[in-house]
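Breakdown of the fold
These are the residues of each chain, in order.
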Amino acid sequence: MRSFPFSVLLMPGLLCACASDMRVHGNPEIGADAEARSRDLADRFQKQLFAALTAALEQEGPAGAVGVCAEMAPAIAAQLSEESGAVVRRTALKPRNPSAAPDYREQQVMEGWASSSPMGADGKPVSWTGWSDDGSFRYMRAIPTMPMCLVCHGEAVAPDVAAAIHAHYPGDRATGFRAGEMRGAFSIRWDKVALRRIAFRKRIPAL
Ligand code: HEC
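Fair warning: this is a prediction, and the values are worked out from it, not measured in the lab. (Residues numbered from 1 in each chain as written. Predicted model: local features only at pLDDT ≥ 70, side-chain atom pairs only at ≥ 80, totals over all residues.)

Quick notes on the overall build of the protein
The number of helices and strands found in the protein is six helices and four strands. Ordered by position in the sequence, the α and β elements of the protein form the string α-α-β-α-β-β-α-α-β-α. Expressed as a percentage of the 207 residues in the protein, the buried residues total 30%. Excluding contacts between residues fewer than 6 apart, the proportion of contacts in the protein whose partners are at least 24 apart in sequence is 69%. (Helix = DSSP H or I, 4+ residues; strand = E, 2+ residues; numbered from the N terminus. Buried ≥ 20, exposed ≤ 12 C-beta atoms within 10 Å, placed from the backbone. Contact = placed C-beta atoms within 7 Å.)

This is the structure in C-alpha cells:
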C-alpha cells in the first residue's frame, strides 16, 4: 500500500518525460532557436580567439603564440560551453589537438565540404545543421584558412614555430594548408537537456 502514492506520482512524470523528448526532438521552433544560438556561439568563439591570436602574434611572435593558442582555444571553448549548456568545440579532418578529432558525423560533414570551397555562394563559410538519433541538435560551420594562419598551418612553417608546435602537439597533422582551403569547423551540439532548457525559456509547450 505504501508504494501506491509513489507510483501514482511517478507514472505521469515518466510519461511526460517521454512525450517531451519526442516533441523536443525534431521540433522546428527549438531547432531554429538552437541554430541561432549556435551561430552566435561560433561568432563569439571566432572573435575571441582571433583577438587572442593577433595579440599573441604581435607580442610574442608566432613561436610564442603557439603556447597562447594552446591555452586560450580550449579555455574559450570550455567557457562558451559552460555558459550556453551546449558542447562548443572545433574539429578538423587533420587535427593539431588530438581531442579535436572528428566523430563520425563531423567527419562526414567535413568530407562533404573538403572537395569544394569552404565558402558558400553568399561569401560566408558553409554551415550544416541536423538532428542525431540520440535526440541532440547539431550545428557545424566551416573554418577557412586565411593567409595569416599559414605561419602555423601552412606548407612552409618556420623551424622555431614547428618546434614549438611539436613540443605541445607531437602528433600534429595540421600543416600543409593553403589559403582558401577548409582548415576545420566549429561544431556545436545541444543534447536533450540543453534543448529542453531552450524550450522552457521560449515557453514552447513541449514541456
Ligand atoms: C601561432 C600559431 C597559430 C596560428 C597563427 C593559427 N593557429 Fe590554428 N592552431 C594553433 C594551435 C596551437 C592549435 C591547437 C589549439 C588547441 O589545442 O585547441 C590550433 C588549432 C586550430 C584549429 C582546431 C582544430 C585542430 O586542428 O586542433 C583550427 C580549426 C585552427 N587552428 C584554425 C586556424 C585558423 C583558421 C587560423 C587563422 C585565422 C589559425 N588557426 C591560426 C596554432 C595557430
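Back to the text.
Overview of the pairing of strand β3 (residues 137-144)
Where burial is concerned, most of β3 is hidden: seven out of the eight residues are buried. Alignment of strand β2 (residues 127-131) against β3, held across five bridges, turns out to be antiparallel. Each bridged residue has a counterpart across the sheet, and for Trp-131 the counterpart in β3 is Phe-137. Where β2 folds back on β3, the antiparallel hairpin that results is connected by five residues, among which Gly-135 adopts a positive phi of roughly 95°. (Pairing = 2+ DSSP bridges.)

Let's talk about the environment of Val-24
Along the polypeptide, Val-24 turns up in helix α1 (residues 3-24). Using a count of 25 C-beta atoms within 10 Å as the deciding quantity, one classes Val-24 as buried. Along the backbone, Val-24 and Lys-192 are 168 residues apart, and their C-alpha atoms lie at a distance of 7.5 Å.

Quick word on the site of the ligand
Looking at the ligand, there are 25 residues lining it, with Ala-65, Asn-97, Cys-149, Cys-152 and Gly-184 nearest. In terms of residue count, the dominant contributor to the shell around the ligand is helix α2 (residues 28-84) (eight residues). Residues belonging to the shell around the ligand are distributed by class as follows: 18 nonpolar, four polar and three charged. (Near = placed C-beta within 6 Å. Nonpolar A, V, L, I, M, F, W, Y, C, P; charged D, E, K, R; others polar.)

Here we look at the confidence of the model for the protein
A residue-level look at the protein finds 88% of positions with pLDDT of 70 or above and a mean pLDDT of 90. Note that residues 11-19 has pLDDT below 50 and, in this model, zero contacts with residues that lie over four places away or in other chains. (pLDDT = per-residue confidence, 0-100.)

With respect to helix α6 (residues 192-202)
Here α6 has its buried residues at Ala-194, Leu-195, Arg-196, Ile-198 and Ala-199. Just past α6, the residue Arg-203 takes up positive phi, approximately 55°.

A look at α2
The end-to-end C-alpha distance of α2, which contains 57 residues, comes to just 20 Å, noticeably less than the 84 Å that a straight helix rising 1.5 Å per residue would cover. A maximum bend of about 125° is found in α2 at Gly-61, where proline Pro-62 lies one to four positions downstream. Looking one or two residues beyond α2, the residue adopting positive phi is Gly-85, at roughly 90°. (Expected span 1.5 Å × (residues − 1). Bend = angle between axes of the 7 residues up to and from the residue.)

Examining the sheet that holds β2
Adjacent strands of a sheet form backbone hydrogen bonds with each other and so pair up, either parallel or antiparallel. Read from one edge to the other, the open sheet built from four strands follows the order β1-β4-β3-β2, with strand pairing classed as antiparallel. The open sheet is flanked by β1 (87-91) and β2, the only strands paired with a single partner. For this sheet, the mean angle separating the axes of adjacent strands, direction not counted, is 20°. Relative to strand β4 (residues 182-190), β3 runs antiparallel, the two sharing eight bridges. Pairing of Met-140 across the sheet is with Ser-187, part of β4. Helix-sheet contacts for α2 involve β1, β2, β3 and β4, and the interaxial angle to β1 is about 50°. (Axes fitted to C-alpha atoms, helices over the stretch in contact; angles between N-to-C directions.)

Side note on the nonpolar core
Ranked by internal contacts, the top residues of the largest apolar core, which has 36 residues, are Leu-41, Phe-45, Val-88, Phe-186, Ile-188 and Leu-195. Looking at this core, the elements that each hand over two or more residues are α2, α3 (104-114), β3, α5 (159-168), β4 and α6. If we ignore the near neighbours within four places in the chain, the residues touching Val-88 are Leu-41, Phe-45, Ala-77, Leu-80, Ser-81 and Ile-188. (Core = buried A, V, L, I, M, F, W, Y, C linked by C-beta atoms within 7 Å.)

What to know about the pairing of β4
Taking burial as the measure, the nine residues of β4 include nine buried ones, the bulk of the element. Bridge count for β1 against β4 is five bridges, and the pairing is antiparallel. Looking at β4, one finds that Val-87 is bridged to Arg-189.

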